[in-house]
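Below are the chains, spelled out letter by letter.
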Amino acid sequence: MFKKLFLITVFYCISLKGSMELISPAFLNHESIPIQYTCDGANISPALIWSNAPQNTKSFTLIVDDPDAPAKVWVHWILFNIPATTNQIHENTSHDSFLQGATDFNGKQQWGGPCPPSGIHRYQFTLYALDTQLNLPAGTNKDKIIKAMHGHILEQTTLIGTYQRKK
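Rules behind the numbers
Residues numbered from 1 in each chain as written. Predicted model: local features only at pLDDT ≥ 70, side-chain atom pairs only at ≥ 80, totals over all residues. Heavy atoms only, no water. Helix = DSSP H or I, 4+ residues; strand = E, 2+ residues; numbered from the N terminus. Buried < 20%, exposed > 50% of the residue type's maximum accessible area, 1.4 Å probe, protein only. Core = buried A, V, L, I, M, F, W, Y, C linked by side-chain atoms within 4.5 Å. Contact = heavy atoms within 4.5 Å. Pairing = 2+ DSSP bridges.

Participant: What is the right way to look at the environment of Lys167 in this model?
Facilitator: If you trace the backbone, Lys167 turns up in the segment after strand 9 (153–163). Under the relative-accessibility criterion, Lys167 is labelled exposed at 89%. Sequence separation of Lys167 and Ser118 is 49 residues, and the distance between their C-alpha atoms is 9.5 Å.

Participant: Please clarify how the nonpolar core should be interpreted in this entry.
Facilitator: Nonpolar side chains tend to gather and get buried jointly when the protein is soluble and globular. In this structure, Leu22, Leu62, Ile82, Ile89 and Phe125 are the most contacted members of the largest nonpolar core, which totals 23 residues. Listing elements by their share of this core, those giving two or more residues are strand 3 (48–51), strand 4 (59–66), strand 5 (74–83), strand 8 (121–130) and strand 9. Residue contacts for Phe125: discarding those within four places in its chain leaves Leu22, Phe27, Ile33, Pro46, Leu48, Leu62, Ile63, Val64, Trp111, Thr157, Thr158 and Leu159. Phe80, Tyr128, Ile145 and Met149 belong to the second largest nonpolar core, which has 10 residues in total.

Participant: Quick question: what am I supposed to make of the pairing of strand 4 here?
Facilitator: Residues in a regular strand point their side chains to alternate faces of the sheet. Taking burial as the measure, the eight residues of strand 4 include eight buried ones, the bulk of the element. A two-sided burial pattern is seen for strand 4, the buried positions comprising Ser59, Thr61, Ile63 and Asp65 on one face and Phe60, Leu62, Val64 and Asp66 on the other. The pairing of strand 4 with strand 5 spans seven bridges and is classified as antiparallel. Among the inter-strand pairings, Ile63 is bridged to a residue of strand 5, identified as Ile78. Note: strand 4 against strand 8, seven bridges, orientation antiparallel. Paired with Asp65 across the strands is Gln124, a residue of strand 8.

Listed below in structure tokens is the structure:
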């Protein structure tokens, strides 16, 4: 009896882990980000949609960064304290209902689209479901946001887009 109950419990836990999903109607996971979302186009933010967030979610944080940047992981966008009732961000939307963190574009608090100096770069759109709201001001940098999220991440999911500039 114990063995059967243990197996059912293990299966249940495994099937619930990692169920949150993040997609964009603009591009597929591991596919190219269309030019209008980059420095070579209109440089507008893409639409994002998520589903299957954990039941105890109090807020979401979105961090978009480029791990292929030459000097460091380059921060393109940070949104935090996104309400738990939200499940999408519209294309080219203003984000007055939640806070934006500092990007590596001179600390600006807005979308900074892909603009790699050379080669193909990956852009990680990581969405975190949190069991709290972050007590941080707008303009907070990524390191402080990551530190504040420690111990409060219920689940996270990542959508990856790629981009290479045309010469």
